[in-house]
Amino acid sequence: MNLVVVSNRVARGKANEPMTGGLAAALLPIVENSGAIWVGSSGRVRDGGQEPFAEIEALGAGALAMLDLPAAHYGGYYEGFANSALWPAMHSRPDLIRATHDDYLSYREVNAFMARALLRFRKKDAAFWVQDYHFLALGAELRDLGVTEPVGFFLHTPWPARNVIDGVPHARELIEAM
């Protein structure tokens, strides 16, 4: 099986330094030893309607693939919907939920962008393992592109209570997309 791990950001290990962060500490050795590829944001944005560009860096038997996300949608996706609507919901803070319709559209556009980027790493025996609330809609976007390989999802927090998640704009659509 060819494992493709997807998260908002990709962590790079530093020689002779302890690993910080649970996801990085868990995934970097798996990628390095198994041949998996870990795909996520480079932390940079790119203008225009260009196709996804990935900077790929070898890591032992595996690799890290860092994508420049679309500049036009990054703010609405990250600061907007992911961190102003979903983060508060996932941390049981409905009083902090704020998002515009445009933020939601940017969130969906970045999920669609990531799905298109992942096609590059698709093999017949691939499995996609999606991490956290930044990509709740990614599974549906992959299916819309014809991906039939397994898609798993891991949420790093407990799912919020119904009265909390109902406060997130478009919650029903996101649940259905998962």
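See above for the structure.
Here goes a summary of the coordinates provided. This is a predicted model, so every value here is computed, not measured.

Brief notes about the packing of aromatic side chains
Tallied over the full model, the rule gives seven aromatic pairs. Three or more aromatic residues link up through ring pairs in this structure, and these residues are Tyr-74, Tyr-77, Tyr-78, Phe-81, Tyr-104, Tyr-107 and Phe-135.

Here's the deal with the pairing of strand 5 (residues 126-131)
The buried fraction of strand 5 is high, at five of six residues. Of the strand pairs in this sheet, strand 1 (residues 2-9) and strand 5 are connected by five bridges, and their pairing is parallel. By the bridge assignment, Asn-2 is partnered in strand 5 with Ala-126. Here strand 5 pairs with strand 6 (residues 151-154) via four bridges, running parallel. Residue pairing in the sheet places Gln-131 in a bridge with Phe-154 of strand 6. Each parallel crossover has a hand, and the one from strand 5 via helix 4 (residues 138-144) to strand 6 is right-handed.

Comments concerning the sheet that holds strand 6
Read across the open sheet, the six strands follow the order 3-4-2-1-5-6; overall the sheet is mixed. Looking along the sheet, the strands with just one partner apiece sit at the ends: strand 3 (54-59) and strand 6. If you compare each strand with its neighbour and ignore which way they point, the axes differ by 25° on average. Pairing between strand 1 and strand 2 (residues 37-46): four bridges, direction parallel. Of the residues in strand 2, the one forming a bridge with Val-4 is Ile-37. Along the sheet, helix 2 (residues 71-90) contacts strand 1, strand 2 and strand 4 (62-70); its crossing angle with strand 4, the most-contacted strand, is approximately 100°. Against the sheet, helix 3 (residues 101-118) touches strand 1, strand 2, strand 4 and strand 5, its axis set at about 140° to strand 4.

Considerations on the packing of helix 2 against helix 3
As a packed pair, helix 2 and helix 3 sit with axes 7 Å apart at the nearest point and diverge in direction by 110°. Here helix 2 is positioned roughly perpendicular relative to helix 3, judged by the angle of their axes. The handedness of the crossing between helix 2 and helix 3 is left-handed. The residues of helix 3 that touch helix 2, namely those facing Ala-72, His-73, Gly-76, Tyr-77, Gly-80, Phe-81, Ala-82 and Leu-86, are Asp-103, Tyr-104, Ser-106, Tyr-107, Glu-109, Val-110 and Asn-111. For the contact of helix 2 with helix 3, the residue count by class is eight nonpolar, five polar and two charged.

Side note on the pattern of salt bridges
For the structure shown, the criterion picks out eight salt bridges. Among the ionic pairs, Arg-44 bridges to Glu-55, the shortest N-O distance being 3.0 Å. A residue pair is termed long-range when its members are at least 10 positions apart, and Arg-44 in strand 2 and Glu-55 in strand 3 qualify at eleven residues. Residue classification places Arg-44 among the partly exposed positions, given a relative accessible area of 39%. You can call Glu-55 partly exposed: its relative accessible area is 29%. Linking Arg-44 and Asp-68 is a salt bridge whose minimum nitrogen-to-oxygen distance equals 3.2 Å. Linking Arg-44 in strand 2 with Asp-68 in strand 4, this pair joins segments that are 24 residues apart in sequence. Looking at Asp-68, the relative accessible area reads 7%, which means it is buried. Shared partners join several salt bridges into a network, and the residues in it are Arg-44, Arg-46, Glu-55 and Asp-68.

What counts, and at which threshold
Residues numbered from 1 in each chain as written. Predicted model: local features only at pLDDT ≥ 70, side-chain atom pairs only at ≥ 80, totals over all residues. Heavy atoms only, no water. Phe/Tyr/Trp six-rings, centres within 6.5 Å; stacked < 30°, edge-to-face > 60°. Buried < 20%, exposed > 50% of the residue type's maximum accessible area, 1.4 Å probe, protein only. Helix = DSSP H or I, 4+ residues; strand = E, 2+ residues; numbered from the N terminus. Pairing = 2+ DSSP bridges. Right-handed = clockwise from strand over helix to strand, strands pointing away. Axes fitted to C-alpha atoms, helices over the stretch in contact; angles between N-to-C directions. Contact = heavy atoms within 4.5 Å. Parallel < 35°, antiparallel > 145°, perpendicular 65-115°, else oblique. Left-handed = near helix turned anticlockwise from the far one by under 90°. Nonpolar A, V, L, I, M, F, W, Y, C, P; charged D, E, K, R; others polar. Salt bridge = Lys/Arg side-chain N within 4 Å of Asp/Glu carboxyl O.

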